[in-house]
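Read off the chains here:
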Amino acid sequence: MSLLTVLHYPDPRLHKVAKPVAVVDDRVRKIVADMAETMYDAPGVGLAATQVDIHERIIVIDVSEEQNQLMVFINPELVWASAEKKAWREGCLSVPEFYDEVERPDQIQVKALDVNGKPFEIKADGLLSVCLQHEMDHLLGKVFVEYLSFLKRNRISLKMKKRAKELVGQR
């Protein structure tokens, strides 16, 4: 396993739409293992392949307190979403240190393939629901800051660009 580099907003590669995984094989399982290691190291509760410049429909999530219940979603599809919405304070490994309220459906149902290519469905609410929707957005090329006002989004973009320049200057 190895750590992958997480892309930072406003990197244009974060806006690429991910392609479906054709076959779940050892190559895909290696991507999953590397993504999980990267997510745990960050630390985070979810990571989409798009965030590590792999444009395939793969998500890893672990919302457990102990960070020992890895969930893998390959080719996830939203089957159902509740009409009831709830706002959660979201953050993102691609937008470090920025958090804001995003309103999303409170409950969802998703179908996907597991790490062995076996289909499954899951109903989710709470943090798992939010995390799944957040990561599925990444696969569509959407970052959570795009739910915010133009002013907030622009401010975050400018700060992230400034931070990137400072990091390059330190090297």
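For the structure itself, consult the block above.
First things first, this report covers the structure right here in the doc. (Residues numbered from 1 in each chain as written. Predicted model: local features only at pLDDT ≥ 70, side-chain atom pairs only at ≥ 80, totals over all residues. Heavy atoms only, no water.)

As a further point, take the pattern of salt bridges. Evaluated as defined, the whole model comprises 9 salt bridges. A salt bridge links Asp53 to Arg13; its shortest N-O distance comes to 3.2 Å. Here the residue Asp53 occupies a position in the loop between strand S1 (46-48) and strand S2 (58-61), and Arg13 occupies one in the segment before helix H1 (26-41), the gap between them amounting to 40 residues. Look at Asp53 and you get partly exposed, because its relative accessible area is 32%. One continuous salt-bridge network, built from bridges that share partners, spans Asp11, Arg13 and Asp53. (Salt bridge = Lys/Arg side-chain N within 4 Å of Asp/Glu carboxyl O. Helix = DSSP H or I, 4+ residues; strand = E, 2+ residues; numbered from the N terminus. Buried < 20%, exposed > 50% of the residue type's maximum accessible area, 1.4 Å probe, protein only.)

Once that is clear, we can look at the layout of surface pockets. Leftover empty space is mapped by rolling, across the atoms, a probe with the size of a water molecule. Looking at the largest pocket, its volume works out to about 530 Å³. The class makeup of the residues in the lining of the largest pocket is 15 nonpolar, 7 polar and 5 charged. Here the second largest pocket is characterised by a volume of approximately 220 Å³. Along its surface, the second largest pocket is lined by 11 residues, and His8, Met160, Arg163, Ala164 and Leu167 are the ones closest to its centre. Top element by residues in the lining of the second largest pocket is helix H3 (residues 150-170). It accounts for 5 residues. Its residues placed into classes, the lining of the second largest pocket shows 7 nonpolar, 1 polar and 3 charged. (1 Å grid on protein atoms, 1.4 Å probe; cavity = no way out; pocket = protein on both sides within 12 Å on 5 of 7 lines; lining within 4 Å. Points joined across faces, edges and corners; volume = space filled by probe spheres on them. Nonpolar A, V, L, I, M, F, W, Y, C, P; charged D, E, K, R; others polar.)

The next point concerns the sheet that holds strand S6 (residues 107-113). Spatially, the 5 strands line up as an open sheet ordered S1-S2-S3-S6-S7, and their pairing is antiparallel. Only two strands of the sheet have a single neighbouring strand rather than two, namely S1 and strand S7 (119-125). Shown here is a sheet whose adjacent strand axes are inclined to one another by a mean of 40°, direction ignored. Note: S1 against S2, 3 bridges, orientation antiparallel. Bridge pairing in S2 places Ala48 opposite Ile59. Seen against the sheet, H1 touches S1, S2 and strand S3 (71-81) and runs at an angle of roughly 40° to S2. (Pairing = 2+ DSSP bridges. Axes fitted to C-alpha atoms, helices over the stretch in contact; angles between N-to-C directions. Contact = heavy atoms within 4.5 Å.)

Under the 1.5 Å per step criterion, the end-to-end length of H3 is 30 Å for 21 residues, consistent within 8% with the ideal 30 Å. Of all the residues in H3, the buried ones are Ile156, Ser157 and Met160. With its buried residues spanning 100° around the axis, H3 presents them on a single face. Projecting away from the buried face of H3 at angles above 90 degrees are the exposed residues Leu151, Leu158, Lys162, Lys165, Gly169 and Gln170. (Expected span 1.5 Å × (residues − 1). Arc of directions from axis to C-beta.)

Okay, the nonpolar core next. Counting 16 residues, the largest nonpolar core has Val28, Met35, Ile58 and Val60 as the members making the most contacts within it. Put simply, the parts of the chain that give this core at least two residues each are H1, S2 and S3. Excluding anything up to four places from it in sequence, Ile58 contacts Val21, Val28, Ile31, Val32, Met35, Leu47, Ala48, Ala49, Phe73 and Leu139. Within the second largest apolar cluster, 15 residues are counted, among which are Val110, Ala124, Cys131 and Met136. (Core = buried A, V, L, I, M, F, W, Y, C linked by side-chain atoms within 4.5 Å.)

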